[in-house]
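What the coordinates show
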Amino acid sequence: MSGTVRTRPEGSARPLSEAYDTALLDLDGVVYAGGNAIAHAVESLGSARAGGMHLAYVTNNALRTPEAVAAHLTELGIPAEAADVITSAQAVARLIAEQVPAGSRVLVVGGEGLRVALRERGLVPVESADDDPVAVVQGYGGPELPWGRFAEASYAVARGVPWFASNTDLTIPSARGIAPGNGAAVEVVRIATGAEPQVAGKPLPPMHRETILRTGAERPLVVGDRLDTDIEGAFNGGVDSLLVLTGVTDGAQLLAAPPHHRPTYVDADLRGLLGGQPEVVATDDGYGCGGWTARANERLELEGEGETLDGLRALCAAAWTAAGDGVCALDAGKALARLGL
């Protein structure tokens, strides 16, 4: 898929849980938000696993250890082991370990997940720029991360110490809404130093490599809620993806997606794993899905009735075809309003 222009969402006659051997699931905004399970997630994942699909949880959030994440999932009713969890902390720790000697000191700005991942790679976490670190690593540290940690990173980076970031997600879903993510914290150090970090997390290759190494997936399906991390990461890795509309992406953002942000499949939530995906077909004057037909003109027209998602899929086909290699600039307001989006 990588390098191609997707002009419509694809269909699948088989349930996705049967068509793919492994679901590479994002967590925040897909499985839970603010620590609470998202509607239908527990039952859907249980059914997919019972049917033989391997479930792996792939998160850009470097705050918690895989053991802590697995324990949380199990508490929610989704049995998981630490080996089922892949974090951007693990990906960035491997990236650092490939560039510095074993036993090197690394200044950590973030949570316990980063420290554990560094130790796993034979590196020594330190807390101060004056501890002679050979690298600086920055990951999400939660809302209580002291401001002084950014100063420590800035002092070391300004001295020429190589800087790494687990990920650069600007936002993170929470129970109360959308909160600043690690990318916002990375910007603080960038502004103070003018430097650029090496980044490991989705959508970049180090995270995809870490995921495949740890899961052994042969026919993976990336499942996420973000176009700029989950879906772009799948595109870069040349694998299929399912976008669920339980997190940060809405219908308008999906319609405007450039080629590398266009998912293979779109569904409301994780129940989309358990069934086939409807085919979007070209008609004489547009694209159809379910009872809907969409046409690309100055506005993007939509007519018909039926499932809201079918209408959104038809709209995407029309918008993406009109945009080609670019971003759709057509007015889709009235069409989205018909769908209540």
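Residues numbered from 1 in each chain as written. Predicted model: local features only at pLDDT ≥ 70, side-chain atom pairs only at ≥ 80, totals over all residues. Heavy atoms only, no water.

Those residues of helix α2 (residues 41-50) not exposed but buried are Ala41, Ser44, Leu45 and Ala48. The buried residues of α2 all sit within an arc of 95° when viewed along its axis, so they share a single face. Tucked inside the fold, the buried residues of α2 contact α1 (16-19), β1 (22-25) and β4 (54-59). Positive backbone phi, approximately 105°, marks Gly52, located one or two places after α2. (Buried < 20%, exposed > 50% of the residue type's maximum accessible area, 1.4 Å probe, protein only. Helix = DSSP H or I, 4+ residues; strand = E, 2+ residues; numbered from the N terminus. Arc of directions from axis to C-beta. Contact = heavy atoms within 4.5 Å.)

The next point concerns the pairing of strand β10 (residues 171-174). One ladder, built from four bridges, connects β10 with strand β11 (residues 177-180); its direction is antiparallel. Paired with Ser174 across the bridge in β11 is Gly177. Counted along the chain from β10 to the antiparallel partner β11, the turn is two residues long. (Pairing = 2+ DSSP bridges.)

To continue, consider the sheet that holds strand β18 (residues 292-295). Taken together, the four strands give an open sheet; going across it, the order is β16-β17-β18-β19, and neighbouring strands pair in antiparallel fashion. Strands with a single pairing partner mark the edges of an open sheet, and in this sheet they are β16 (281-282) and β19 (301-304). Packing of helix α11 (residues 308-323) onto the sheet brings it into contact with β17 (287-289), β18 and β19, and relative to β17 it is tilted by some 160°. (Axes fitted to C-alpha atoms, helices over the stretch in contact; angles between N-to-C directions.)

What follows concerns the nonpolar core. Core analysis: the biggest nonpolar cluster contains 29 residues, and Leu254, Leu255, Leu300, Leu302, Leu312 and Leu315 have the highest contact counts within it. Elements with a minimum of two residues in this core: α9 (227-237), α10 (251-255), β17, β18, α11 and α12 (333-339). In terms of residues, this core owes the most to one element, α11, which gives ten residues. Listed in part, the 28 residues of the second largest apolar core include Ala41, Ala80, Leu242 and Leu273. (Core = buried A, V, L, I, M, F, W, Y, C linked by side-chain atoms within 4.5 Å.)

We now examine the environment of Pro133. Structurally, Pro133 can be placed in the loop between β7 (124-126) and β8 (135-138). On the basis of relative accessible area, Pro133 is assigned to the buried category, the value being 9%. Taking the C-alpha atoms as reference points, Pro133 and Thr171, separated by 38 residues in sequence, lie 28 Å from one another. Those residues in contact with Pro133 that sit more than four places away from it in its chain are Arg105, Val106, Leu107, Val126, Ser128 and Val161.

Now for the pattern of salt bridges. In total, this model carries 20 salt bridges according to the counting rule given. With a shortest N-O distance of 2.8 Å, Glu187 and Arg190 are connected by a salt bridge. You can see Glu187 and its partner Arg190 sitting in helix α7 (residues 182-193), three residues apart, about one turn around the helix. Under the relative-accessibility criterion, Glu187 is labelled partly exposed at 29%. Among the residues examined, Arg190 registers a relative accessible area of 21% and is labelled partly exposed. Each of Arg94, Glu120, Glu210 and Arg214 takes part in salt bridges that share partners, so that together they form one network. (Salt bridge = Lys/Arg side-chain N within 4 Å of Asp/Glu carboxyl O.)

Looking now at the sheet that holds strand β9 (residues 163-165). Read from one edge to the other, the open sheet built from five strands follows the order β7-β6-β8-β9-β12, with strand pairing classed as parallel. Where the open sheet ends on each side, the last strands, each with one partner, are β7 and β12 (198-199). In this sheet, β12 lies alongside β9 in parallel orientation, the contact comprising two bridges. When the bridges of β12 are listed, Phe164 appears paired with Gln198. In this fold helix α4 (residues 88-97) packs onto β6 (105-109), β8, β9 and β12, with an angle of close to 155° to the strand it touches most, β9.

Our focus in this paragraph is the environment of Asn167. Along the polypeptide, Asn167 turns up in the loop between β9 and β10. With a relative accessible area of 3%, Asn167 lands in the buried category. Between the alpha carbons of Asn167 and Val199 there is a distance of 5.8 Å; along the sequence they are 32 residues apart. Setting aside anything within four residues of it in sequence, one finds Asn167 in contact with Asn60, Ser88, Asn182, Gly183, Val186, Val199 and Gly201. Here the side chain of Asn167 touches Ser166 through a polar contact of 2.8 Å, side chain to side chain. (Polar contact = N/O pair within 3.5 Å; in protein donor to acceptor, adjacent residues only side chain to side chain.)

The alternating pattern of β1 places Thr22 and Leu24 on one face and Ala23 and Leu25 on the opposite face, and all of these are buried. Sheet topology places β1 next to β4; four bridges connect them, and they run parallel. Of the residues in β4, the one forming a bridge with Thr22 is His54. Bridge analysis of β1 against strand β13 (residues 220-224) gives four bridges, and the strand direction is parallel.

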